[in-house]
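Here are the chains, one letter per residue:
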Amino acid sequence: MNRPVARAPHTHAGGGPSWWVYALVGAFAVLVAGIFLSAFLNSIASTWFGGWLPDAYTTKWYRFAVAEFDLGYVLAITIVVGLSVTLLSLALGVPAAYVLARRAFPGRPLLLLLLILPMLVPPITYGIPLAAMLYRAHLGGSLAGVIIVNIVPAMPFVVLIMTPFFEQIDPNLERAARTLGASPGRVFRRVLLPIALPGVLAAGLLILVRAIALFELTFLVSGAKSQTLVVALYYAAFAAGIRPSQAIDAMAVVYMVTGLALLLAALRFINPVNMVIRVRQ
Amino acid sequence: MQRAARHRTEADAAGQAPRARRRWGALVPIAPAFLVVLGLFIYPFAYGLILSLHPQGDLAKAGALANYAAFFGDARERTSIWNTLRLAVPVTLLDLAIALPLAYRLRRPLPGQRVITGLLVIPMTLGTVLLAEGMIEFFGPAGWLNKLLLALHLVATPVQFVHNYTGVFLSLLISDFPAVFLVLLGYASGIDPRLEQAARTLGAGWWQRLSRVTLPLLAPGIAAAAALSFVATFSVFPSAVLVGQPAGETRVIALAAWQAAYERFDYPQASAIAMVMAAIELVFVALVLAARNRAYQGPTIGGRG
């Protein structure tokens, strides 16, 4: 906001000093960091008994996890699922978002709501009948089934992010291209897509993170050969006691590093607030 | 001028049919996305509903509603609703209570706001399974929190934080907080600060400004956050197993549905439980929206004057 009038000169209306904001958010960050850090330290600890820190460090649990949990295969499945879900969701969601942003037509708000709804309804609610449906279609347990179910919550996310993105692109650019004789398809490819590319990339990265992190639907549909990392992690944590906790944490760290790297890349492009709700300015 | 206008109207009248076709033709790019939602989201709901009305096994002859009767007739199954509610409601309220003052304060950018919101998004995105796995270490009997409490002589023996109600409660509180906060922040930043300044100029104290101006304007945001948070926490699944007591006090309704489908292979019964779950969520959202409609409705930006 660059209008000087709107900025209160010294006090914020209704706001006191902001130290407690930092304190509260800081406490939350310390808690989350503590949780992740203790899992990380445990994964590189040869033993960790009484002390604040492990007694000695080792990388053997990672080698153990790779062998014991078939981590290479699980990672490959995760990447295939993540990329397929991302590409298919973009292919479905980007054209829909463009039309929703550009055309006014009766029932537009309702359609937008319908397209965003699967993101708001918890997957486990529709996941069980959806899984029953896929098992009946002999897709249960297969890689294709896992990819199909993950599109359901991912595609609405593309619509949610890309609709405001297209809205802010000046329609005159398209009109100019149309006037100069470009076909609608050509306008989309040569004018819109280059402009929208940063938004598409950001949305794609976020879908990738979410597809990798989404547990419930993959859990309901995947079989032994189509588990993603997070489902494998769940099974390992569920059967804790069979294998050393350090090895499970090693898998958790592999998952965490993968997700975190993609998330940080995505956050360079997109405001976190827009990840949960569409903010109307 | 007038002639040009008339000319345009005539052209419109002449070109109406193809134009209408073109207008609907322009909606074609939405069709694939629409069909995906229809086929893989709306249809499963209908399929689940129909499936739940066709009981299998021993219940097959007991009528269409036998699956529902079996769920509500069995004390262990029925209790799963209560087990879930006593997690979802307090977590939603507590997260709202913490997030509300924060979002209110952050409604205008503060130094480092992007870092703050970025930090919050991390646990939300990485998900509850990872959080639960880390919590087992951190909150465990030999974890850092218990070490700290023992070192400060606040407790004599390690406190049991995980593998019970507390574990799931904490896990939900942490995983749900970012979404509640970001929703509220989205709404709070849409409120024109001049409205509050106007109230201040007119002599309203901070409590009056909060209760008569800001909170009513934030009501839609609070309603949205409460609804999203309840729906998300009511369907809790992995953390109820990993840091809870899945055979006892944290046998939540999602777990009851999962057990019906994957341990007893009774998809009709599982679908019935999923329908009960969806119905409870729907009732809660309807209640929140009804409460929200009783509150102020109107613009959140001041007029120019």
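Fair warning: this is a prediction, and the values are worked out from it, not measured in the lab. (Residues numbered from 1 in each chain as written. Chains lettered and ligands numbered in written order. Predicted model: local features only at pLDDT ≥ 70, side-chain atom pairs only at ≥ 80, totals over all residues.)

Visitor: In this structure, what is going on with the overall build of chain B? I would like to understand it.
Guide: Helix and strand counts for chain B stand at 14 helices and zero strands. From first element to last, N terminus to C terminus, chain B shows the α and β order α-α-α-α-α-α-α-α-α-α-α-α-α-α. Looking at chain B residue by residue over its 305 residues, the buried ones come to 44%. (Helix = DSSP H or I, 4+ residues; strand = E, 2+ residues; numbered from the N terminus. Buried ≥ 20, exposed ≤ 12 C-beta atoms within 10 Å, placed from the backbone.)

Visitor: I'm lost on the overall build of chain A in this one. Help?
Guide: Of the regular secondary structure elements, chain A holds 11 helices and two strands. Across chain A, helices and strands are ordered from the amino to the carboxyl terminus as α-β-β-α-α-α-α-α-α-α-α-α-α. Expressed as a percentage of its 281 residues, the buried residues of chain A come to 46%. Considering only intrachain contacts with a sequence separation of at least 6, the fraction spanning at least 24 residues in chain A is 73%. (Contact = placed C-beta atoms within 7 Å.)

Visitor: Would you explain helix α5 (residues 75-105) of chain B in this entry?
Guide: An α-helical segment advances 3.6 residues per turn. Residues three or four places apart therefore align on the same side. With 31 residues, α5(B) extends 46 Å between its outermost C-alpha atoms, agreeing within 8% with the 45 Å of an ideal straight helix rising 1.5 Å per residue. Maximum bend of α5(B): about 30°, positioned at B:A99, with proline B:P101 one to four residues after it. (Expected span 1.5 Å × (residues − 1). Bend = angle between axes of the 7 residues up to and from the residue.)

Visitor: Would you mind going over helix α11 (residues 245-267) of chain A with me for this structure?
Guide: In this model α11(A) runs 32 Å from its N-terminal to its C-terminal C-alpha over 23 residues, within 8% of the 33 Å that 1.5 Å per residue would give. Among the 23 residues in α11(A), 18 count as buried, and that is most of the element.

Visitor: Help me understand the interface of chain A and chain B, please; the structure alone is not making it clear to me.
Guide: Where the parts come together, the accessible area they lose is often given as the size of the interface. Taken residue by residue, the interface counts 75 residues in chain A and 81 residues in chain B. Every element with two or more residues in the side of chain A that touches chain B is listed here: α1 (19-43), α3 (71-102), α4 (108-120), α5 (123-136), α6 (143-167), α8 (184-213), α10 (229-238) and α11 of chain A. The element best represented in the side of chain A that touches chain B is α1(A), accounting for 13 residues. Residues of the side of chain A that touches chain B, tallied by class, amount to 59 nonpolar, 11 polar and five charged. (Nonpolar A, V, L, I, M, F, W, Y, C, P; charged D, E, K, R; others polar.)

Visitor: Any chance you could explain the packing of α11(A) against helix α6 (residues 113-126) of chain B here in plain terms?
Guide: To characterise two packed helices, one gives the angle between the axes of the helices and the distance between these axes. The geometry of α11(A) relative to α6(B) is characterised by a closest axis approach of 10 Å and an angle of 135° between their N-to-C directions. In this view, α11(A) runs oblique relative to α6(B), as classed from their interaxial angle. Viewed along their axes, α11(A) and α6(B) form a crossing whose handedness is right-handed. The residues of α6(B) that touch α11(A), namely those facing A:M256, A:G259, A:L260, A:L263 and A:L267, are B:G118, B:V121, B:I122, B:T125 and B:L126. Across the contact of α11(A) with α6(B), the residue classes tally to seven nonpolar, three polar and no charged. (Axes fitted to C-alpha atoms, helices over the stretch in contact; angles between N-to-C directions. Parallel < 35°, antiparallel > 145°, perpendicular 65-115°, else oblique. Left-handed = near helix turned anticlockwise from the far one by under 90°.)

Visitor: When you look at the confidence of the model for chain A in this model, what are you seeing that I'm missing?
Guide: When pLDDT is low, close inspection of the predicted coordinates is not appropriate. Residue and element names in this part refer to chain A. Across chain A, the average pLDDT comes to 84, with 90% of residues at 70 or higher. Within chain A, the element-level pLDDT minimum falls on strand β1 (residues 45-47), averaging 83, and the maximum on helix α9 (residues 216-221), averaging 94. Counted against residues more than four places away or in other chains, residues 1-15, with its pLDDT under 50, gives 16 contacts. (pLDDT = per-residue confidence, 0-100.)

Visitor: Before we go on, may I ask you to explain the packing of helix α2 (residues 60-68) of chain A against α11(A) in this structure?
Guide: All names here are of chain A. Taken N-terminus to C-terminus, the directions of α2 and α11 make an angle of 80°; their axes are 8 Å apart at the nearest point. What the angle tells us is that α2 and α11 run roughly perpendicular. Across the interface between the two elements, W61, Y62, F64, A65 and E68 of α2 pack against Q246, A247, A250 and M251 of α11. Residue composition of the contact of α2 with α11, by class: seven nonpolar, one polar and one charged.

Visitor: In this structure, what is going on with the environment of B:T79? I would like to understand it.
Guide: All names here are of chain B. Mapped onto the secondary structure, T79 falls in helix α5. Residue T79 is classed as partly exposed on the basis of its C-beta count, with 15 C-beta atoms lying within 10 Å. The spatial distance from the C-alpha of T79 to the C-alpha of R108 is 44 Å, given a sequence separation of 29 residues.

Visitor: Help me understand the nonpolar core in this model?
Guide: Within soluble globular proteins, side chains that are nonpolar generally end up buried alongside one another. In this structure, A:V158, A:L233, A:M251, B:A257 and B:I273 are the most contacted members of the largest nonpolar core, which totals 175 residues. Excluding residues within four positions of it along the chain, B:A257 makes contact with A:I128, B:A270, B:I273, B:A274 and B:M277. (Core = buried A, V, L, I, M, F, W, Y, C linked by C-beta atoms within 7 Å.)

Visitor: Mind showing me how you'd approach the environment of B:Q245 here?
Guide: All names here are of chain B. The residue Q245 is located in the loop between α12 (238-242) and α13 (253-262) in this model. Sequence separation of Q245 and H163 is 82 residues, and the distance between their C-alpha atoms is 5.2 Å. Residues in contact with Q245, not counting those within four places in the same chain, are H163, N164 and T250.

Visitor: Would you mind going over the environment of B:A256 with me for this structure?
Guide: Residue and element names in this part refer to chain B. Among the secondary structure elements, A256 is positioned in helix α13. A256 sits in the buried class, given 25 other C-beta atoms within 10 Å. Look past the residues within four positions of A256 in its chain and what remains in contact with it is E77, S80, R251 and I273.

Visitor: Looking at this structure, how should I read unusual backbone geometry?
Guide: Glycine aside, a negative phi is what most residues show, and trans is what most peptide bonds show. At A:H138, a position not held by glycine, the phi torsion is positive, near 60°. Looking at the secondary structure, you find A:H138 in the loop between α5 and α6. Here A:H138 falls in the exposed class, since 9 other C-beta atoms lie within 10 Å of it. Of note in this structure, B:F265 is not a glycine but carries a positive phi near 50°.

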